[in-house]
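As a plain string of letters, each chain reads:
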Amino acid sequence: MGGYKVILHLDLDAFYAQVEHRRLGIDRSVPLAVQQWAGLIAVNYAARSRGVGRFCDIQEAKSRCPDLKLVHVETIGNTSDGRMGGVAANKATSKACLNRYRSASTEVLKAMQRFSDVLLIERASIDEWYIDATALVEERLEGVEEGGSCSLDWRESHVCKGASLNASLDCDVRLIVGAKLCKEIRDAVKAETEYEMSAGISHNKMLSKLASAMNKPNMQTIVPSSAVEALMDLDYTEINGLGGKLGEKLKTLYPNLKTSRDLQTIGQEDLARSLGQKTGAWIHALCRGEVDEPVKPNLLPKSLNACKSFPASPIEQVHKWLLILAEELADRIEQDRQDFARMPRFLVLHARGAVHFRDHSSQSPMPKSATRDRLYEVGLKLFEKIQGECLPCSRLALGANSFVFDQKDMKKMDTYFVASASEPGNSGALGKRKNIGTSALVEKKKGKAQCKPFFAPAAPSKQPGGCRATESEGEGSRDGIDLNAVDISQQKYILSMIKGAQGPAANSSASKRKSSGGQSNLGQFFATRSSSQDL
Ligand code: DCP
């Protein structure tokens, strides 16, 4: 790697609260919080300024802010006609459903992709994304060299406290251009979806993530390389990847060390001895702000899950929950099929026995038609296999995984890439992206001051500490779903498919899409497969 990457981290502000503001037409100045059972899971900034926080209980929140508007997350359960539907929030009989927020997240992604197909986007969670904007920044700078113009005005961004930008440094110029681009992306998202996001602009993912949280809400912050040394004096558990088990392990190993600067005093060999080569090298770089992890395009969930935790329950209750989960999963599989023209190959049931609190699972091929009733039928058989260890039961999850794309669609994808790669100026895998290395640009500007590029090892493939939880699944769990890293060609393909997607009003919820009967081209395409191709 050479030159200076420009990495953006975009994070929706008080995400679920914004979704509810838009859905219910409530002005943003009204203090609002989203509730799940007895807890608050999202608090808007108007409420935060009145002392309401996510960890307040409802009573305390109401006493601090009597005009607080509380909105419960959507809950689903069996209705009198035996179908799933919106029902009153009752933890004993209904479950939380996050479809609203998933749809909103997809809308934001689509808006970002419509902005430019040169951007490499990695979904970090339901409301945050990393974007590698290096190519687009270089393109803009090339335009300047060819006689065009490019604003070097960064007044719309904050600069990390205590730091300043130097427009004669190649690295800072790239961040300034990246910041302009970032503002344009945020404006495009706002115009299309009404949602506001904060953002961080820096040379790597960890720094841009730290930056995006510095001036919330609806602001963006640049962290230039000159700021890194001073910045890396923070509580190391605030760094993405060190907040979980790995952070705990570090605390046990080095009880006196508190900040990332403290961690810098440990030699790489010592870290490697205690934590293994890869993790040791990664932490050594991380605590210096120098980790260079690629932005990995990953638009597709690796699995779809519906889950519910409940008090220790006998088999009749388990069956009742299984039916609800089957309907939710069937809905998600159908939505996913419409969005991505793929079908899962396996159905997996996880159940937790209430005696030993151990999880057991059982899996089978996905039924040919993934309707609620078929998923329920197969789910019952899967539960039978493990019920000896799982009754009474306290948690149930029904999931779908191992996706296959429609064969014809894969062919379409090949054709798309051949065509795309042969367009003049295209570099093949990246389609329209011009093949401009940053080093070439640096070459041309030899006279200018240079600053240190970020060379460092990539993260260990599985970070023991795990990063911040991704998407809430079901009952407020923050375990999140694993995201499937897809290669550039798949990302490009998906991108080409969703480019023509409808605007926000048309796809603001799964149910709306259903009721309008509006299947995407891909949905129809997949639906017309011959039955021999069915799973
Ligand atoms: N969420 C949840 N359970 C939690 C925390 C969050 O269900 N324990 C949901 C609600 C949030 C969304 O995830 O709106 C995103 O979480 P963030 O931590 O990013 O927080 P917000 O987006 O709400 O606020 P901020 O502006 O501080 O990022």
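Here the structure is a predicted model, which is why all the values come from computation and not from measurement. (Residues numbered from 1 in each chain as written. Predicted model: local features only at pLDDT ≥ 70, side-chain atom pairs only at ≥ 80, totals over all residues. Heavy atoms only, no water.)

Asker: Help me understand the overall build of the protein chain, please; the structure alone is not making it clear to me.
Answerer: Per the secondary structure count, the protein chain includes 19 helices and 18 strands. The buried share among the 535 residues of the protein chain stands at 53%. For the protein chain, the share of sequence-separated contacts (at least 6 apart) that also reach a separation of at least 24 residues comes to 71%. Of the roughly 23,200 Å² of accessible surface on the protein chain, 52% is carried by carbon and sulfur atoms. (Helix = DSSP H or I, 4+ residues; strand = E, 2+ residues; numbered from the N terminus. Buried < 20%, exposed > 50% of the residue type's maximum accessible area, 1.4 Å probe, protein only. Contact = heavy atoms within 4.5 Å. Areas by Shrake-Rupley, 256 points an atom, 1.4 Å probe, with all protein chains shown as cover.)

Asker: How do you make sense of the confidence of the model for the protein chain when you look at a structure like this?
Answerer: Close inspection of predicted coordinates is inappropriate in any region flagged by low pLDDT. Looking at the protein chain as a whole, the pLDDT averages 79, with 74% of positions reaching at least 70. Within the model, the stretch residues 412-488 combines pLDDT values under 50 with 186 contacts to residues more than four positions away or in other chains. (pLDDT = per-residue confidence, 0-100.)

Asker: Looking at this structure, I do not really get the pattern of salt bridges. What am I missing?
Answerer: Oppositely charged side chains can form a pair if their charged atoms are brought close together. The tally for this structure, following the rule as stated, stands at 30 salt bridges. For R342, the salt bridge goes to D336, with nearest N and O atoms at 2.8 Å. Classification of D336 by relative accessible area gives buried; the value is 5%. A salt bridge links D359 to R352; its shortest N-O distance comes to 2.8 Å. Salt bridges sharing partners connect three or more residues here, namely D11, D13 and K216. (Salt bridge = Lys/Arg side-chain N within 4 Å of Asp/Glu carboxyl O.)

Asker: Help me out: how do you make sense of the sheet that holds strand β2 (residues 32-36) in this one?
Answerer: Sheet strands pair by backbone hydrogen bonding; their relative direction is either parallel or antiparallel. Read from one edge of the open sheet, 3 strands run β3-β2-β4, paired in mixed fashion. Each end of this open sheet is capped by a strand with a single partner; those strands are β3 (39-43) and β4 (69-72). Strand-to-strand twist of the sheet, defined as the mean angle between neighbouring strand axes without regard to direction, takes the value 35 degrees. Bridging between β2 and β3 involves 4 bridges; their strand directions are antiparallel. What sits directly across from Q36, in β3, is G39. Here helix α1 (residues 15-24) sits on the sheet and contacts β2, β3 and β4; the angle it forms with β2, its principal contact strand, is near 110 degrees. (Pairing = 2+ DSSP bridges. Axes fitted to C-alpha atoms, helices over the stretch in contact; angles between N-to-C directions.)

Asker: Any chance you could explain the packing of helix α4 (residues 99-115) against helix α6 (residues 170-193) here in plain terms?
Answerer: Two numbers describe a pair of packed helices, the interaxial angle and the distance between the axes. Running from N to C, α4 and α6 cross one another at 130 degrees; their axes reach a closest spacing of 9 Å. With respect to each other, α4 and α6 are oriented oblique. Where α4 crosses over α6, the handedness of that crossing is right-handed. Taken together, the residues of α6 that come into contact with α4 (itself represented by E107, V108, A111, M112, R114 and F115) are L181, E184, I185, A188, V189, E192 and T193. (Parallel < 35°, antiparallel > 145°, perpendicular 65-115°, else oblique. Left-handed = near helix turned anticlockwise from the far one by under 90°.)

Asker: What is the right way to read the nonpolar core from this model?
Answerer: One finds L8, L10, Y101, M112, I131 and I185 to be the most contacted residues of the largest nonpolar core, which totals 50 residues. Among the secondary structure elements, those contributing two or more residues to this core are β1 (7-12), α1, β2, α4, β9 (128-132), α5 (134-145), α6 and β11 (197-202). Sorting elements by how many residues they give to this core places α6 first, with 9 residues. Beyond its immediate sequence surroundings of up to four residues, I131 is in contact with V6, I7, L8, L10, M112, L119, L120, I121, I185 and V295. By size, the runner-up hydrophobic cluster in this structure holds 29 residues, among which are L325, L329, V378 and F383. (Core = buried A, V, L, I, M, F, W, Y, C linked by side-chain atoms within 4.5 Å.)

Asker: In this structure, what is going on with the sheet that holds strand β15 (residues 342-353)? I would like to understand it.
Answerer: Pairing is antiparallel across the open sheet formed by 4 strands, whose spatial order is β14-β17-β15-β16. The open sheet terminates on both sides in strands that have one partner only, identified here as β14 (303-313) and β16 (359-365). Adjacent strand axes in the sheet meet at a mean angle of 20 degrees when their direction is disregarded. Sheet analysis places β14 next to strand β17 (residues 393-405), joined by 8 bridges and oriented antiparallel. When the sheet's bridge partners are listed, L304 is paired in β17 with A400. Across the face of the sheet, helix α13 (residues 315-340) comes into contact with β14, β15 and β17 while running at roughly 165 degrees to β14. Where helix α14 (residues 372-390) meets the sheet, its contacts fall on β15, β16 and β17, and the angle it forms with β15 comes to roughly 35 degrees.

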